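# Secondary and tertiary structure notes
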Amino acid sequence: MGILLYSYTDFSWIILLSTLLIFLIASIFLQKKIKLKKTATALLYLIWIIIGIGVAKIHDEKHYKNHYTNFIKLEKQLIKIKITERLKPSEKYYKYYAEVTEVEQQKARGTILIYQNKKENNAFKISEKILLYENFIDLFHSKNPYEFSYANYLNKQHVYNQ
């Protein structure tokens, strides 16, 4: 429940930890001193939800200092990537997931989506390391309301740019 709640909100660590501490102290107090077991049980459920939010926040790579999104500039940049997975190709392009290893000679991390034109004869191989001089482009969001958004799907897979 907490992991699901995290995907719709963004809590700061201070609010998260202070709320956890307050609920934990309140549940212990209610269970030991006042003997309100149902209220204490409800507070324990809330504690587990807060722990779920914390776990989801820890696993969200975008919050790390060395995530490539912290190095993005508007102009072209020198980017080192490593191809990690080949996706289903479209009519005109091969598609890959690639791990960003460096941006402008600074160590970085994160996954991006790579398109390669099929007109180029040689497709990338898994584990191939590539040096690019490009700029990061935001993923394209669907224009029709209530339509499947491939960009939102990729964001949940921790892929934010192409």
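Notes on the structure in this doc start here. These numbers were taken from a predicted model, which means no experiment stands behind them.

Moving on, we come to unusual backbone geometry. Of note, glutamate 104 is a non-glycine position whose phi angle comes to about 55°, a positive value. By relative accessible area, glutamate 104 is classed as partly exposed at 36%.

On to the environment of threonine 69, then. In this structure, threonine 69 sits in the loop between helix 3 (37-59) and strand 1 (77-87). Sequence-distant contacts of threonine 69, defined by excluding residues within four places in its chain, comprise Lys62, Tyr160 and Asn161. Only 2.8 Å separates the side chain of threonine 69 from the side chain of histidine 67, close enough to count as a polar contact.

A surface patch of nonpolar side chains, about 510 Å² in accessible area, is lined by Tyr93, Tyr115, Phe148, Tyr150 and Tyr153. Here tyrosine 153 is to be found in helix 4 (residues 150-156).

On to the side chain of asparagine 161. Inspection of the secondary structure assignment puts asparagine 161 in the segment after helix 4. We classify asparagine 161 as buried; its relative accessible area is 3%. A polar atom in the side chain of asparagine 161 sits 3.1 Å from the side chain of tyrosine 68. Every residue in contact with asparagine 161, bar those within four places of it in the chain, is listed here: Tyr68, Thr69, Ile72, Ile112, Leu113, Phe136, Ile137, Asp138 and Leu139.

Looking now at the packing of aromatic side chains. Applying the stated criterion to the full structure yields five aromatic pairs. Both rings, one in tyrosine 93 and one in tyrosine 115, keep their centres 5.7 Å apart while their planes meet at 75°; by these two values the pair is edge-to-face. Highlighted residues: tyrosine 93 in strand 2 (residues 93-103) and tyrosine 115 in strand 4 (residues 111-117), separated in sequence by 22 residues. Classification of tyrosine 93 as partly exposed rests on a relative accessible area of 35%. Each ring, one from phenylalanine 148 and one from tyrosine 153, has its centre 6.3 Å from the other, and the planes form 45°; the classification is tilted. Under the relative-accessibility criterion, tyrosine 153 is labelled partly exposed at 37%.

Counting 16 residues, the largest nonpolar core has Tyr68, Ile81, Val100, Val103, Ile112 and Phe136 as its most contacted members. Residue assignment for this core shows that the elements contributing at least two residues are strand 1, strand 2 and strand 4. With five residues, the single largest contributor to this core is strand 2. Ignoring any residue separated from it by four or fewer positions in sequence, one finds isoleucine 112 in contact with Tyr68, Ile81, Tyr96, Tyr97, Ala98, Val100, Phe136, Val159 and Asn161. Counting seven residues, the second largest nonpolar core, distinct from the first, contains Leu87, Leu139, Ala151 and Leu154.

What counts as what
- Residues numbered from 1 in each chain as written.
- Predicted model: local features only at pLDDT ≥ 70, side-chain atom pairs only at ≥ 80, totals over all residues.
- Heavy atoms only, no water.
- Buried < 20%, exposed > 50% of the residue type's maximum accessible area, 1.4 Å probe, protein only.
- Helix = DSSP H or I, 4+ residues; strand = E, 2+ residues; numbered from the N terminus.
- Contact = heavy atoms within 4.5 Å.
- Polar contact = N/O pair within 3.5 Å; in protein donor to acceptor, adjacent residues only side chain to side chain.
- Patch = residues over 30% accessible without salt bridge, like charges linked within 9 Å, V, L, I, M, F, W, Y side chains within 5 Å.
- Areas by Shrake-Rupley, 256 points an atom, 1.4 Å probe, with all protein chains shown as cover.
- Salt bridge = Lys/Arg side-chain N within 4 Å of Asp/Glu carboxyl O.
- Phe/Tyr/Trp six-rings, centres within 6.5 Å; stacked < 30°, edge-to-face > 60°.
- Core = buried A, V, L, I, M, F, W, Y, C linked by side-chain atoms within 4.5 Å.

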